[in-house]
Structure formats: structure tokens, C-alpha cells
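Structural characterization, general
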Amino acid sequence: DMATTFATSESVARVQIPEIYFQPSIAGLDQMSIPETLFTLSESVSGARGLADYAPLQSVLLVGGSSLFRGMGARIEAELRTRCRVGADLRVLRARDPSLDAWRGAAAYANGLFEKQEAYASSVDRATYEEVGVNRIFM
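Everything in this summary refers to the structure shown in the same document. (Residues numbered from 1 in each chain as written. Predicted model: local features only at pLDDT ≥ 70, side-chain atom pairs only at ≥ 80, totals over all residues. Heavy atoms only, no water.)

A short note on helix 3 (residues 34-46)
Rules: The helix count covers DSSP runs of H or I at least four residues long, the strand count covers runs of E at least two residues long, and both are numbered beginning at the N terminus. Given the number of residues in a helix, its expected span is that number minus one, multiplied by 1.5 Å. Between buried and exposed lies partly exposed: a residue is buried under 20% and exposed over 50% of the maximum accessible area for its type, with that area taken using a 1.4 Å probe on protein chains only.
Given a rise of 1.5 Å per residue, 13 residues ought to cover 18 Å, and the 18 Å separating the end C-alpha atoms of helix 3 matches this to within 8%. Of all the positions in helix 3, only Pro 35, Phe 39, Ser 42, Glu 43 and Val 45 are classed as buried.

Listed below in C-alpha cells is the structure:
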């Protein structure tokens with residue numbers, strides 16, 4: 001019967017789709033998972049290696065529709081904790097409106113609302129980058 005040949009279980013699909021964020025290889029993708037990417041970025045920004053405290057991981061903000069998957073924040077935090085020292089200060093938070101908050105932040109940035117605080121650089125020359133480094137510019 002053709003209907004049963006092409007039928008899929010919806011409960012299986014609900015588990016598999018979010019799992020791609022943690023195991024991209026199940027979808028045939030050769031790339032890092034979200035926790036691996038966060039940890040690698042944290043290492044490169046903080047200069048830390050191995051099991052340690054990572055300042056960038058002290059406040060991870062999840063945005064986008066995918067952050068609405070049930071248990072996504074807890075899973076990311078649990079996977080990050082396996083790579084940090086016991087008791088490391090680590091928080092994974094979800095934006096109030098994950099679907100639009102990233103856009104709102106980019107819009108505020110584009111409108112110059114952050115320039116007054118001098119917290120972010122919209123462009124940087126090589127000399128400034130070499131002087132202050134990635135931590136001042138991107139953190």
C-alpha cells in the first residue's frame with residue numbers, strides 16, 4: 001500500500017528536527033553543533049583552553065524561532081557545562097521575543113542608538129584592531 005510506504009511518524013519528526021542543531025551529521029552536514037560553536041567562539045575570544053571559566057559563556061542569549069523549541073536552552077546549557085569546569089558561571093537565557101529581538105537589536109544598531117554608548121564599533125581599521133583586539137570590538 002502506497003500510503004503506508006510514505007507515511008512518517010510526526011512524533012519522530014519533532015525529535016529529529018531540533019536534534020540537528022546538536023548533531024548536524026544526522027542531516028548529512030559536516031559542521032559543528034550549536035554548543036560546539038559557542039564553546040569554540042568562547043575559546044577564541046577569551047583565549048582560554050581546556051576546562052576553564054569562559055567569560056563569553058556567562059550570558060548566552062538565544063534568539064530566533066528555533067530557541068522556542070521545548071528544552072532548547074536547557075540542552076545547550078547542559079552540553080556547555082560538560083566542557084566547563086564544575087561550578088563555572090554559565091547562563092543560557094532566551095530573549096523575551098525570540099522571533100523579533102535580533103531584528104530589533106539590528107534595527108537599533110542601524111539607527112545609531114548604540115553609538116551614543118560607544119559600546120560597539122560599526123567598522124574598525126587594522127591599527128585599532130591590533131591595539132584593542134577582538135574582545136573590545138566584539139564583546
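A word on the environment of Cys 84
Structurally, the position occupied by Cys 84 is in the loop between helix 4 (72-81) and strand 2 (92-94). Judged by its relative accessible area of 8%, Cys 84 falls in the buried class.

Some details on the nonpolar core
The nonpolar side chains of a soluble globular protein tend to be buried, and buried together. Stated formally: Put simply, buried Ala, Val, Leu, Ile, Met, Phe, Trp, Tyr and Cys residues joined by side-chain atoms within 4.5 Å make one nonpolar core. When checking whether two residues touch, look at their non-hydrogen atoms; a contact exists if any pair is within 4.5 Å.
In terms of nonpolar packing, the biggest core is built from 12 residues, these being Phe 22, Phe 39, Leu 57, Val 60, Leu 62, Met 72, Ile 76, Leu 80, Cys 84, Ala 88, Leu 90 and Val 92. Listing elements by their share of this core, those giving two or more residues are strand 1 (60-62) and helix 4. No other element matches helix 4, which puts 3 residues into this core. If sequence neighbours within four positions are ignored, Leu 57 has contacts with Leu 38, Phe 39, Ser 42, Leu 80, Cys 84, Asp 89, Leu 90 and Arg 91.

Observations concerning the pattern of salt bridges
Our working rule: Only one rule defines a salt bridge in this text: a Lys or Arg side-chain nitrogen within 4 Å of an Asp or Glu carboxyl oxygen.
What the rule picks out here adds up to 5 salt bridges. Between Glu 79 and Arg 75 there is a salt bridge; the shortest N-O distance is 2.8 Å. With Glu 79 and Arg 75 both in helix 4 and 4 residues apart, this pair spans about one turn of that helix. We classify Arg 75 as partly exposed; its relative accessible area is 29%. For the salt bridge of Asp 97 with Arg 104, the shortest nitrogen-to-oxygen distance reads 3.2 Å. Owing to a relative accessible area of 25%, Asp 97 belongs among the partly exposed residues under this scheme. Within this structure, Glu 19, Arg 75 and Glu 79 form a network of salt bridges that share partners.

A few points about the packing of aromatic side chains
This is how it is decided: By convention, a stacked pair of Phe, Tyr or Trp rings (six-membered ring in the case of Trp) has centres within 6.5 Å and planes under 30 degrees apart, an edge-to-face pair has planes over 60 apart, and any other such pair is tilted.
Following the criterion strictly, the structure yields 1 aromatic pair and no others. Measuring from centroid to centroid gives 6.3 Å for Tyr 21 and Phe 69, while their planes differ by 50 degrees, and the two rings are tilted. In this pair, Tyr 21 is assigned in the loop between helix 2 (10-19) and helix 3 and Phe 69 in the loop between strand 1 and helix 4, connecting sequence segments 48 residues apart. On the accessibility criterion, Tyr 21 (29% relative accessible area) is partly exposed.

Examining the side chain of Glu 19
Tracing the backbone shows Glu 19 in helix 2. With residues near it in sequence (within four places) discarded, Glu 19 still touches Ile 26 and Arg 75.

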